Amino acid sequence: MRIFSDKRKRKLFIITTSIVLTLLIIVGACAIYLSDYYHADNEAISAFLPQDAKWKEDPDGTIVFEPEGATKGFIFYPGGKVEHTAYIPLMQACADEGILCVLVKMPFNLAVFDVNAADGIQKKYPEIKDWYIGGHSLGGSMAASYLVDNIKDYKGLVLLGSYSTADLSDTDLEVLLVSGSQDKIINREKYDKNKSKLPNSFIEVVIEGGCHAYFGMYGEQDGDGKPTITNENQIRITVENIVKIMD
């Protein structure tokens, strides 16, 4: 009986140890994955921004660009595994056109962990009449998913190097799709297929020579195409089209 008991204990020990080791490996792998992200190119950002650029940062990391007299607001979800400050140039350029911009910081730099990040933002700025939401890559898709239950609160959606997996086809949303001709990150098959989930009036802009990464300023992205225009030009063209749809 004692031999049998010892065997059971040994087997239980082996099983327990295996489970613990497996969990440790999974946790370690997740930690490595989440800590590996694209950092904002602060030198490039500083060179792009005007000397009088200013914004405020909330305790949760949300960055707000608040031009005087703004009546239109834009909530922006950053791309997956990209530091949110990489989109400061894009937001500042929009703010220079009179648009209040709210750049959300996502947990672990992944919008999928906080799809409802836009909740409560509108109440802070009652002077804004028309609200738009959008984002880059994964951030854009999550912003589109957020709209499903919040259609009445928004006038439009802006997708940069992104597409909507949520069905918004029967809405009156103003939708802008912007992508770069050299974008090798986005899944073109899914991008084209999911256009059917947008209102028929959606506007599509393909920036000739643009790439996936150049909506922000965080350097090159693995697997992306080679751009033939500058990062600054892609941002400026993007902002021109955002201003058009908001007008």
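Everything below is about the structure shown above.
Numbers given for residues are sequential positions, taken from 1 along each chain in its written order. Only residues with pLDDT of at least 70 get local features here, since the model is predicted, and only at 80 or more are side-chain atom pairs given and counted; chain-wide, interface and lining totals rely on the full set of residues. Only hydrogens and water are removed before side-chain values are computed, so all heavy atoms of the structure are retained for them.

Attention shifts here to the environment of Ala 70. Each helix is a run of DSSP H or I of at least 4 residues and each strand a run of E of at least 2, with the numbering of both proceeding from the N terminus. On the secondary structure map, Ala 70 appears in the loop between strand E2 (63-65) and strand E3 (72-77). Here's how the labels work: a residue is buried when its accessible area is under 20% of the maximum for its type, exposed when over 50%, partly exposed in between, all with a 1.4 Å probe on protein chains only. What makes Ala 70 buried here is its relative accessible area of 9%. When the C-alpha positions of Ala 70 and Leu 100 are compared, they lie 5.9 Å apart, and in sequence the two are 30 residues distant. For Ala 70, the residues in contact, after removing those within four places along its chain, are Gly 98, Leu 100, Glu 127 and Ile 128. Residue contacts are defined here by distance: any two heavy atoms, one from each residue, within 4.5 Å place the two residues in contact.

A few words on helix H4 (residues 138-147). H4 sits mainly inside the fold: eight of its ten residues count as buried. Among the residues of H4, those classed as buried are Gly 139, Gly 140, Ser 141, Met 142, Ala 143, Ala 144, Tyr 146 and Leu 147.

Glancing now at the pattern of salt bridges. Salt bridges are defined as contacts in which a side-chain nitrogen from Lys or Arg sits within 4 Å of a carboxyl oxygen from Asp or Glu. Here the structure, examined in full by the defined rule, presents six salt bridges. Lys 155 serves as the salt-bridge partner of Asp 130, at 3.8 Å between the closest nitrogen and oxygen. Placement of the pair is Asp 130 in strand E5 (residues 130-136) and Lys 155 in the loop between H4 and strand E6 (156-160), with a sequence separation of 25 residues. Note that Asp 192 is salt-bridged to Lys 195, the shortest N-O span being 3.3 Å. Using a relative accessible area of 44% as the deciding quantity, one classes Asp 192 as partly exposed.

A positive phi angle, close to 55 degrees, is found at Phe 108, a residue other than glycine. On the secondary structure map, Phe 108 appears in the loop between strand E4 (99-103) and E5. The phi dihedral of Ser 137 is positive, around 55 degrees, even though this residue is not glycine. Tracing the sequence through the fold places Ser 137 in the loop between E5 and H4.

This part is about a negative patch on the surface. Here, patches come from residues exposed beyond 30% relative accessible area and free of salt bridges, joined within 9 Å for like charges and within 5 Å for nonpolar side chains (Val, Leu, Ile, Met, Phe, Trp, Tyr). Accessible areas in this description were obtained via Shrake-Rupley with a 1.4 Å probe; residue shielding takes into account the shown protein chains only. In this charge count, Lys and Arg are treated as positive and Asp and Glu as negative; neither His nor the chain ends contribute. Charged groups are reduced to one reference atom each: NZ for lysine, CZ for arginine, CG for aspartic acid, CD for glutamic acid. There is a patch of like negative charges on the surface, built from Asp 52, Asp 96, Glu 97, Glu 240 and Asp 247. Note on Asp 52: relative accessible area 62%, which makes it exposed.

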